[in-house]
Amino acid sequence: QDVVAFSAQNTDKNIKTDGNSREHSAAGSVTTNDIPTLAFPSISTADFQFNHEKASDIIIEKVEEFLDKIGNGRLVLVDLTSGSRILNLVKVKAEHRNIDSSKFFTFVGDITQLYTKGGLHCNVIANAANWRLKPRGGGVNAAIFNAAGPALEISTKEAAGDAGCIEPGSALTVPLPSTSQLHKREGVTHVIHVLGPNMNPQRPDCLNSDYDKGCKILREAYSSLFDCFASIVR
Ligand code: AR6
């Protein structure tokens with residue numbers, strides 16, 4: 001990852017973003033390390049081809065709805081590059097709506113290396129999953145399964161139970177064993193798989209540009225995700 005991208009774009013005032021630093025404070029005081037933090041990618045807006053304007057409105061709406069329900073927790077929208085359209089749309093809209101930037105902000109970086117490369121500690125990360133909860137495919141799903149190792153596949157199977165899959169609009173919390181590299185190295189204790197609406201004809205359950213349905217499902221997806229995070233925080 002490009003260190004410059006971290007320092008130029010990241011908006012968390014509490015962390016140094018020179019790419020090598022860590023969150024720290026004087027002994028005994030509360031550090032940002034202790035704050036429950038959910039890092040999440042923009043669900044459905046890459047491989048699933050969901051409209052970015054509509055998705056950014058829904059992210060803002062749901063963040064505003066949930067900020068009071070997650071106690072002292074923080075929500076962080078993450079994407080790989082500073083040129084990310086969805087990240088920039090959300091950033092501008094969040095500023096417009098005066099959303100508390102200590103509770104919600106955007107961050108440029110790989111969601112599997114937020115601590116080691118960006119100095120941002122996120123104990124929970126969200127995955128834009130596929131309905132079978134399989135490691136395959138590309139995007140953030142493959143990145144998270146690769147970084148976590150086999151422990152995530154095993155824990156995901158356990159959490160999914162007999163069904164073994166999830167419905168569009170729903171989320172599933174998976175505790176990440178301490179043997180996983182993602183836990184050891186990045187401090188991630190939970191992965192929340194989320195299945196968003198699909199507008200890509202090459203993927204299952206394509207909604208064929210039915211945005212009435214698509215927006216409803218994307219709202220449900222973020223509600224499920226933030227509810228799962230709220231349960232972890234509690
Ligand atoms: N770190 C942070 N953000 C990322 C990373 C990463 N390592 N990789 C991608 N993104 P996508 P979807 C951003 O396509 O549209 C999979 O194959 C990316 O730039 O991963 O919900 C699954 O198996 C974008 O902003 O998810 C599903 O079949 C966001 O993550 C399907 O794709 C989501 O992009 C899900 O498609």
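Along each chain, residues carry numbers from 1 onward, in the same order as the chain's sequence is written. Where totals are concerned, whole chains, interfaces and linings use all residues; where local detail is concerned, this predicted model gives features only for residues with pLDDT of at least 70, and gives and counts side-chain atom pairs only at 80 or more. As a convention, hydrogens and water are excluded, and side-chain values are obtained from all of the structure's heavy atoms.

Colleague: Even after reading the chapter, I still don't get the overall build of the protein chain, so can you show me in this structure?
Modeller: The helix and strand labels rest on DSSP assignments: H or I over at least four residues marks a helix, E over at least two residues marks a strand, and numbering proceeds from the N terminus. What the protein chain contains, in helices and strands, is 8 helices and 6 strands. Secondary structure of the protein chain in N-to-C order comes out as α-β-α-β-α-β-α-β-α-α-β-α-β-α. Working definition: with a 1.4 Å probe on protein chains only, accessible area under 20% of the residue-type maximum means buried, over 50% means exposed, and in between means partly exposed. A total of 234 residues make up the protein chain; the buried ones form 51% of that total. Here, residues are in contact when the closest pair of their heavy atoms is within 4.5 Å. Counting contacts in the protein chain only where the partners sit at least 6 residues apart, residues at least 24 apart contribute 72% of the total. Surface exposure of the protein chain reaches about 10,600 Å², of which carbon and sulfur atoms provide 50%. Note on areas: Shrake-Rupley, 1.4 Å probe, and residue coverage restricted to the protein chains presented here.

Colleague: Can you help me understand the side chain of N198 in this one?
Modeller: By secondary structure assignment, the location of N198 is in the loop between β6 (190-194) and α8 (211-233). Relative accessible area serves as the criterion here: at 3%, N198 is assigned to the buried category. Within polar-contact distance, the side chain of N198 engages the backbone nitrogen of N200 at 2.7 Å. For this analysis, a polar contact is any N or O atom pair within 3.5 Å, provided that within protein one partner can donate a hydrogen and the other can accept it, and provided that sequence-adjacent residues contribute only side-chain to side-chain pairs. Looking at N198, its side chain comes within polar contact range of the main-chain oxygen of R203, at 3.1 Å. In contact with N198, not counting residues within four places along its chain, are F48, R203, P204, D205, C206 and L207.

Colleague: So what exactly am I meant to see when it comes to the sheet that holds strand β5 (residues 171-175) here?
Modeller: Remark on secondary structure: sheet strands pair via backbone hydrogen bonds, oriented parallel or antiparallel. Strands are labelled as partners when DSSP assigns at least two bridges between them. Spatially, 6 strands are ordered β3-β2-β1-β4-β6-β5 in an open sheet, and the strand pairing comes out mixed. Edge positions in the open sheet fall to β3 (104-108) and β5, since each of these has one partner strand only. With strand direction ignored, the average angle separating the axes of adjacent strands in the sheet is 25°. One ladder, built from 5 bridges, connects strand β4 (residues 124-128) with β6; its direction is parallel. Working convention: axes come from line fits to C-alpha atoms, limited for helices to the stretch in contact. Angles between N-to-C directions cover 0 to 180 degrees.

Colleague: Quick question: what am I supposed to make of helix α2 (residues 52-66) here?
Modeller: Because an α-helix completes one turn every 3.6 residues, residues spaced three or four positions apart along the sequence face the same direction. Each residue after the first adds 1.5 Å to the expected span of a helix. The end-to-end C-alpha distance of α2 is 21 Å, a good match for the 21 Å that 15 residues give at a rise of 1.5 Å each. Considered for burial, the residues of α2 that qualify are A55, S56, I58, I59, I60, K62, V63 and F66. Of the residues that open α2, the one with a side-chain oxygen 3.0 Å from the backbone nitrogen of E53 is N51.

Colleague: What's the story with the nonpolar core in this structure? I'm lost.
Modeller: Proteins that are soluble and globular tend to have nonpolar side chains buried together. Each nonpolar core is a collection of buried residues, namely Ala, Val, Leu, Ile, Met, Phe, Trp, Tyr and Cys, held together in the definition by side-chain atoms within 4.5 Å. If you look at the biggest cluster of nonpolar residues, it comprises 38 residues, and the most contacted ones within it are L38, F40, L75 and F104. Sorting the residues of this core by element identifies β1 (37-41), α2, β2 (74-79), α3 (85-96), β3, β4, β6 and α8 as the ones contributing at least two each. Looking at this core element by element, the count peaks at 11 residues for α8. Ignoring sequence-local partners within four residues, the contact set of L38 consists of R74, L75, V76, V124, I125, A126, I192, L225, F226 and F229. Listed in part, the 27 residues of the second largest apolar core include V78, L114, I125 and V191.

Colleague: Explain the site of the ligand to me, please; I cannot follow it from the model alone.
Modeller: Taken together, 24 residues form the shell around the ligand, and within it S44, D47, D79, N130 and V140 come nearest. One nitrogen or oxygen atom from the main chain of T45 is found 3.4 Å from an oxygen atom belonging to the ligand. Separating a nitrogen atom of the ligand from a side-chain N or O atom of D110 is a distance of 3.1 Å. Burial of the ligand by the protein chains amounts to 91% of its free accessible area of 700 Å². Where the shell around the ligand is concerned, the elements lending two or more residues are β2 and α5 (139-148). Counting residues per element, the shell around the ligand draws most heavily on α5, which supplies 4 residues. Residues of the shell around the ligand, tallied by class, amount to 11 nonpolar, 9 polar and 4 charged. We call a residue near a given molecule or strand whenever any one of its heavy atoms falls within 4 Å of it. Under the convention adopted here, Pro, Cys and the residues Ala, Val, Leu, Ile, Met, Phe, Trp and Tyr are nonpolar, Asp, Glu, Lys and Arg are charged, and Gly plus all remaining residues are polar.

Keep in mind these numbers describe shape, not what the thing actually does.
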